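# Observations on the model geometry
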Amino acid sequence: MYLLIFASATISIWPMPVRARKLIRKMRGGAQAHLIEGEDGAFYVVKFTNNPQHRRILVNEWLACAFLRYLQIHVPETAIIELTQEFIQDSPELYLSLGLRREPIPAGLHFGSRMAVHPDRVAIYDFLPDKLLTKVENRADFLGILVFDKWIGNADSRQAVFFRARAKTWTPLKGEAPARVGFFAQMIDHGFAFNGSSWQFSDSPIQGLYFRTSVYDEVRSVDSFQPWLAMVENFPAEVVDSAWREIPSVWLQGDEEPLEQLLETLLRRRNRVGTLLQQVQQKRTTAFANWR
Ligand SMILES: Nc1ncnc2c1ncn2[C@@H]1O[C@H](COP(=O)(O)OP(=O)(O)OP(=O)(O)O)[C@@H](O)[C@H]1O
Ligand SMILES: [Mg+2]
């Protein structure tokens, strides 16, 4: 059935790329992403097709963010970022460090994760102290994202960024947020979805967890992961299909068929997530302190 949906004859619909305007700085992390200002005035953390992790992580990022938007879990806006030859020539600080070697970035289309706030005006944090973590307005997203990470086989631990924003524009799925300024989390770094470049599902119980397990304090049973469990179980193949069709062909380079197979497997495992969460509870007893 899914073969029909992912038929190679399907026409690709690529979103308009955003042209890079200014290189700001290099970010930390294994993919050696760079912060770049786009011609639209927004700031993007850009991962390049020749990043040291693998070209496939761009595909993973693109698909994960599209699926997460459907699940109404806070993720950055994404864009296809176009680096022109001219931009590359004007940006001598733009390169990958491979040992002692400097690897140039090719002109063309790369992946951008948009910063929700202006990085010079609003502080963005990689971590929050426990006391503040309990006050994050969309804390429930940590339950939703675990459902998602189990489904998509995220082999990494969960990563998020935090910033202060006005609550009414960031209402989470579970409960209405008050119209006040508070901390919000955005789920980032989906490069190791599908076990990174291997495009397989290893399903280790410990993977996908956030390093501060206090975010799971509300978990009492597998039902605490609703409504996301049901949303994943009924995840529309059409959402998968339209995200897949947006992927630029330079990110695939012969990976079309393995990707099609991967996405078929993903749809087949929609109903496995409850079991995978039970396995976390059994094998990582410290993860869910209040699930007895
Ligand atoms: N949308 C975003 N908004 C704000 N900051 C971001 C965003 N995306 C990425 N970052 C920042 O850039 C850093 C690198 O991004 P990311 O973790 O995705 O890269 P990575 O190289 O895959 O990391 P890792 O080594 O964990 O695999 C993050 O630690 C975070 O600080
Ligand atoms: Mg990371």
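Here, every reference points to the structure presented above.
Given the structure is predicted, the values throughout are model-derived calculations rather than measurements. (Residues numbered from 1 in each chain as written. Chains lettered and ligands numbered in written order. Predicted model: local features only at pLDDT ≥ 70, side-chain atom pairs only at ≥ 80, totals over all residues.)

### Focus on the overall build of the protein
Rules: Helix numbers and strand numbers start at the N terminus; a helix is a DSSP run of H or I with at least 4 residues, a strand a run of E with at least 2. C-alpha atoms define the radius of gyration, and 2.2 Å times the number of residues to the power 0.38 defines the globule rule. As a rule, residues whose C-beta atom has 12 or fewer other C-beta atoms within 10 Å are exposed, those with 20 or more are buried, and those in between are partly exposed; C-beta atoms are placed from the backbone. Two residues qualify as being in contact provided that their C-beta atoms, derived from the backbone, are within 7 Å of each other.
Check the secondary structure of the protein and you find 9 helices and 9 strands. For the protein, whose C-alpha radius of gyration is 19 Å, the value lies close to the compact-globule estimate of 19 Å for 292 residues. Counting the 292 residues in the protein, one finds 37% classified as buried. By sequence separation, contacts in the protein at least 24 residues apart represent 75% of the contacts at least 6 residues apart.

### Comments concerning the site of ligand 1
Where we set the bar: Being near a molecule or strand means, for a residue, that its C-beta atom, positioned from the backbone, comes within 6 Å of it. Classification convention: Asp, Glu, Lys, Arg as charged; Ala, Val, Leu, Ile, Met, Phe, Trp, Tyr, Cys, Pro as nonpolar; all other residues, Gly among them, as polar.
Around ligand 1, a shell composed of 18 residues is seen, among which Gly29, Gly30, Ala31, Pro76 and Asp189 lie nearest. Those elements that place two or more of their residues in the shell around ligand 1 are β7 (108-114) and β8 (159-166). Looking at side-chain class alone, the shell around ligand 1 contains 9 nonpolar, 5 polar and 4 charged residues.

### Remarks on helix α2 (residues 56-70)
Our working rule: A helix's residues, less one, multiplied by 1.5 Å, set its expected span.
Between the first and last C-alpha of α2 there are 22 Å, a value that for 15 residues agrees with the 21 Å anticipated at 1.5 Å per step. The buried fraction of α2 is high, at 12 of 15 residues. Of all the residues in α2, the buried ones are Arg56, Ile57, Leu58, Val59, Asn60, Glu61, Trp62, Leu63, Ala64, Cys65, Phe67 and Leu68. Where α2 ends, the next residue or the one after it, Gln72, has phi of about 60 degrees, a positive value.

### Focus on the environment of Glu103
Here Glu103 shows up in strand β6 (residues 101-103). Accessibility expressed as a C-beta count within 10 Å gives 15 for Glu103, which makes it partly exposed. For the pair Glu103 and Ser249, spaced 146 residues apart in sequence, the C-alpha separation works out to 22 Å. In this view, Glu103 contacts Asn50, Tyr95, Leu96 and Leu98; residues no more than four positions away in its chain are not counted.

### So, the environment of Arg284
Its place among the elements puts Arg284 in the segment after α9 (273-283). The spacing of Arg284 and Pro205 is 79 residues in sequence and 7.1 Å in space, taken between C-alpha atoms. Those residues in contact with Arg284, other than ones at most four positions away along the chain, are Pro205, Ile206 and Leu209.

### Some thoughts on unusual backbone geometry
That bond from Gln226 to Pro227 is cis: its omega, 10 degrees, falls within 30 degrees of zero. Position of Pro227 relative to the elements: it lies in the loop between β9 (181-188) and α6 (228-233). Even without glycine at this site, Asp203 takes up a positive phi of about 55 degrees.

### A short note on the packing of helix α5 (residues 141-152) against α9
Cut-off, in case you're wondering: Axis definition: a line fit to C-alpha positions, over the contact stretch in the case of helices; interaxial angles, taken between N-to-C directions, run 0 to 180 degrees. Throughout this description, any angle smaller than 35 degrees is read as roughly parallel, any larger than 145 degrees as roughly antiparallel, any in the 65 to 115 degree range as roughly perpendicular, and the remainder as oblique.
At a minimum axis separation of 9 Å, α5 and α9 run at an interaxial angle of 105 degrees. Considering their axes alone, α5 and α9 lie roughly perpendicular with respect to each other. Seen from α5, the contacting residues are Val147, Lys150 and Trp151; seen from α9, they are Val273, Leu276 and Leu277. Its residues assigned to classes, the contact of α5 with α9 comprises 5 nonpolar, no polar and 1 charged.

### Notes on the pairing of strand β4 (residues 78-83)
Worth spelling out the cut-off: Think of it this way: DSSP has to see at least two bridges between two strands before they count as a pair.
Burial analysis of β4 places 5 of its 6 residues in the buried class, the great majority of the element. Bridging between strand β1 (residues 18-26) and β4 involves 2 bridges; their strand directions are parallel. If you follow Arg19 over to β4, its bridge partner there is Glu82. Summarising the sheet, β4 and β7 pair through 6 bridges and their orientation is antiparallel. Across the sheet, residue Thr78 finds its bridge partner in β7, namely Ser113.

### Here's the deal with the nonpolar core
Under the convention used in this document: By definition, a nonpolar core groups buried Ala, Val, Leu, Ile, Met, Phe, Trp, Tyr and Cys residues that connect through C-beta atoms lying within 7 Å of each other.
Counting 75 residues, the largest nonpolar core has Leu68, Ile81, Val147 and Phe148 as its most contacted members. Dropping the residues within four chain positions of it, Val147 is found in contact with Phe225, Trp228, Leu229, Val232 and Val273.

### Describing the packing of α2 against helix α7 (residues 237-245)
Filter applied, for reference: For any pair of crossing helices, the crossing counts as left-handed if the nearer helix is rotated counterclockwise from the farther one by less than a right angle, and right-handed if it is rotated clockwise.
Running from N to C, α2 and α7 point in directions that differ by 145 degrees, and their axes come no closer than 9 Å. The two elements α2 and α7 cross, and the hand of that crossing is right-handed. On α7, the residues touching Trp62, Leu63, Ala66, Phe67 and Tyr70 of α2 are Val239, Ala243 and Trp244. Residue composition of the contact of α2 with α7, grouped by class: 8 nonpolar, no polar and no charged.

### Re the sheet that holds strand β2 (residues 34-38)
Taken together, the 5 strands give a closed barrel; going around it, the order is β1-β2-β3-β7-β4, and neighbouring strands pair in mixed fashion. Within this sheet the neighbouring strands show an average axis-to-axis angle of 55 degrees, counted without direction. Each of β3 (43-47), β4 and β7 touches α2; the most contacted strand, β7, lies at about 45 degrees to it.

### Here's the deal with helix α8 (residues 256-268)
In plain terms, the rule: Here, the arc refers to the directions that run from the helix axis to the C-beta atoms.
If you check α8, its first and last C-alpha atoms are 19 Å apart, about what 13 residues at 1.5 Å a residue would give, namely 18 Å. Taken together, the buried positions of α8 are occupied by Leu262, Leu263 and Leu266. End-on, the buried residues of α8 take up no more than an arc of 95 degrees, which puts them together on one face. The outward face of α8, more than 90 degrees from its buried face, is lined by the exposed residues Glu257 and Arg268. The inward-facing, buried residues of α8 abut α5 and α7.

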